[in-house]
Amino acid sequence: LSDMAYVLGIESSCDETAVAIMKDEQVIVNLISSQIDHAKYGGVIPELASRLHQQNIVYLVQQALEEAGIAGRDLSAVAVTQGPGLLGALLVGICFSKSYAYALDIPLVGVNHMEAHILANFIKAPRPSFPFLNLTVSGGHTQLVVVKSFFEMEIIGQTIDDAAGEAFDKAAKLLGLPYPGGPQVDKHAREGDPTAFSFPKAEVGRFQFSFSGIKTALLYLLRDGLKGDPDYIQKNLRDVAASYQHRIVSILIEKVEDAAKEYGLNQLALAGGVSANSQLRADFMAMCERNGWEAFIPSMAYCTDNAAMIAYAGYHKWKAGMSSELNLSPYTRV
Ligand code: KG4
Ligand code: ZN
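Worth saying up front: this structure is predicted, and the values here are computed from it rather than measured. (Residues numbered from 1 in each chain as written. Chains lettered and ligands numbered in written order. Predicted model: local features only at pLDDT ≥ 70, side-chain atom pairs only at ≥ 80, totals over all residues. Heavy atoms only, no water.)

Draft legend 1. Spotlight on the coordination of the zinc ion (ligand 2). H113 (NE2), H117 (NE2) and D305 (OD) make up the full set of protein donors to the zinc ion (ligand 2), lying at 2.0 to 2.1 Å. One chain supplies every donor to the zinc ion (ligand 2), and in sequence these donors are spaced H-x3-H-x187-D. One end of the pair, H117, is in helix α3 (residues 113–119); the other, D305, is in the loop between α9 (300–303) and α10 (308–319), with 188 residues separating them in the sequence. Residue classification places H117 among the buried positions, given a relative accessible area of 1%. (Donors = N, O, S within 2.8 Å, 3.2 Å for Na, K, Ca; no water. Helix = DSSP H or I, 4+ residues; strand = E, 2+ residues; numbered from the N terminus. Buried < 20%, exposed > 50% of the residue type's maximum accessible area, 1.4 Å probe, protein only.)

Set out below in structure tokens:
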């Protein structure tokens, strides 16, 4: 056991309490407890999220150790999401991790959640090599990132308002679909006509994104439709979902393709929850193929929030001697 490195990863930035364990470069345990309690409120309630993390975290760590067949004293380091995320939610993971690292007298490693999403591309083969271009699309962020090494990432563009995931979630809410909305829009879009409705494309900087106008267009479309027909949403749900999704995905694809050309990068990766979207995955693969580029997409479990990506990033930071002090503080924004 002694020559193996076991690194514990803790993620509590939003509404998933997640714990993973790495055995050297391998993820051997990846547990997640999704907080479905938020569904009845139609979105994440921050204080509720903190409380649920608080209830779950110790048991989830115990279960992870059990599944790995190790004890806490076998761990070499504890990696934890430092930010961005909800303050109270982050604090639960951070306070636990600090105490645990202190008690075990092992290093604590703070991990940036957005960088970890990108590094999820390395958990399983095929893996990209540096440098590559990453499109990060999550509930809170939309970023084009030139990834130069595990720890050197340059954000070359991002959204000026809503994130792609937010645009999906808000649309779902307007359409009366349950939270979280992204997978719901994806599901209904599969049976719809993506050309049935046209949604606007914002005029923003070359590598910038803006999704708030699309959401507003949807609001007006539904409001006008409902005036003439109370069943308007029900009748048009699939076509609206498909058209709305098509607009978001086509903007994402267009921008990432342009950036790859500008920066001369021929390896492209996706990261974050929205990379679970079936249309985005398919169009991304097709776009890369068209250009003769290599495409990388994490497997589903590593696209949405998880602790494997935190453990993976933490393992590499720990190996590189980049551990944190015990006064580590959360940050809520990038
Ligand atoms: O990365 P993530 O799990 O959490 C954040 O760090 O924000 O991303 C969550 C986002 C949510 O907005 C969710 O609706 C979206 O990812 N999402 C999807 C799909 N699955 C998750 N959006 C579109 N299609 C999907 N299949
Ligand atoms: Zn995330």
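Draft legend 2. Seen up close, the side chain of N121. Relative to the elements of secondary structure, N121 occurs in the loop between α3 and β6 (132–137). Accessibility expressed as a relative area gives 3% for N121, which makes it buried. Not counting chain neighbours up to four residues away, the residues in contact with N121 comprise P126, R127, P128, N134, A269, L270, A271, F296, I297 and P298. (Contact = heavy atoms within 4.5 Å.)

Draft legend 3. Quick peek at the pairing of strand β1 (residues 6–11). Most of β1 is tucked away: six of the six residues are buried. On β1, burial covers both faces: Y6, L8 and I10 on one face and V7, G9 and E11 on the other are all buried. Here β1 runs beside strand β2 (residues 16–23); their pairing, made up of six bridges, is antiparallel. Bridge assignment links Y6 to a residue of β2, and that residue is K23. Hairpin geometry of β1 and β2 is characterised by an intervening segment of four residues between the two adjacent antiparallel strands. Of the pairings in the sheet, the one linking β1 to strand β4 (residues 75–83) comprises five bridges and is parallel in character. (Pairing = 2+ DSSP bridges.)

Draft legend 4. Local environment of the nonpolar core. Grouped together as the largest cluster of nonpolar side chains are 47 residues, with contacts concentrated most on L133, F211, I248, L252 and L268. Of all the secondary structure elements, the ones that give two or more residues to this core are β6, β7 (142–147), α4 (164–174), α5 (181–189), α6 (212–228), α7 (232–263), β9 (267–271) and α8 (278–291). Non-local contacts of L252, meaning those with residues more than four positions away in its chain, are made with L135, V137, T142, A164, F209, F211 and L280. (Core = buried A, V, L, I, M, F, W, Y, C linked by side-chain atoms within 4.5 Å.)

Draft legend 5. Representation of the sheet that holds β6 in the model. Taken together, the five strands give an open sheet; going across it, the order is β8-β7-β6-β9-β10, and neighbouring strands pair in mixed fashion. Looking at strand neighbours, the two that pair on one side only are β8 (153–158) and β10 (294–296), the edges of this open sheet. Looking at each pair of strands side by side, their axes are set apart by 25 degrees on average, direction ignored. Summarising the sheet, β9 and β10 pair through three bridges and their orientation is parallel. Bridged to L268 within β10 is A295. Helix-sheet contacts for α7 involve β6, β7, β8 and β9, and the interaxial angle to β6 is about 160 degrees. (Axes fitted to C-alpha atoms, helices over the stretch in contact; angles between N-to-C directions.)

Draft legend 6. Just the pattern of salt bridges, in detail. Overall, the coordinates contain 15 salt bridges when judged by the stated rule. Between D162 and K170 there is a salt bridge whose closest N-O contact spans 3.3 Å. Judged by its relative accessible area of 29%, K170 is partly exposed. D258 is paired through a salt bridge with R206; the nearest N and O atoms lie 2.7 Å apart. Taken together, the residues D258 in helix α7 and R206 in the loop between α5 and α6 connect sequence positions 52 residues apart. (Salt bridge = Lys/Arg side-chain N within 4 Å of Asp/Glu carboxyl O.)

Draft legend 7. Broad picture of the pairing of β7. β7 sits mainly inside the fold: six of its six residues count as buried. Neither face of β7 is exposed, since T142, L144 and V146 on one face and Q143, V145 and V147 on the opposite face are all buried. Both β6 and β7 contribute to a ladder of six bridges, which runs antiparallel. Within the sheet, the bridge partner assigned to V137 lies in β7 and is T142. Here β6 hands over to β7 after four residues, the two strands then running antiparallel side by side. Sheet topology note: the β7/β8 ladder contains five bridges and is antiparallel. Residue pairing for β8: V146 is matched across the bridge by E154.

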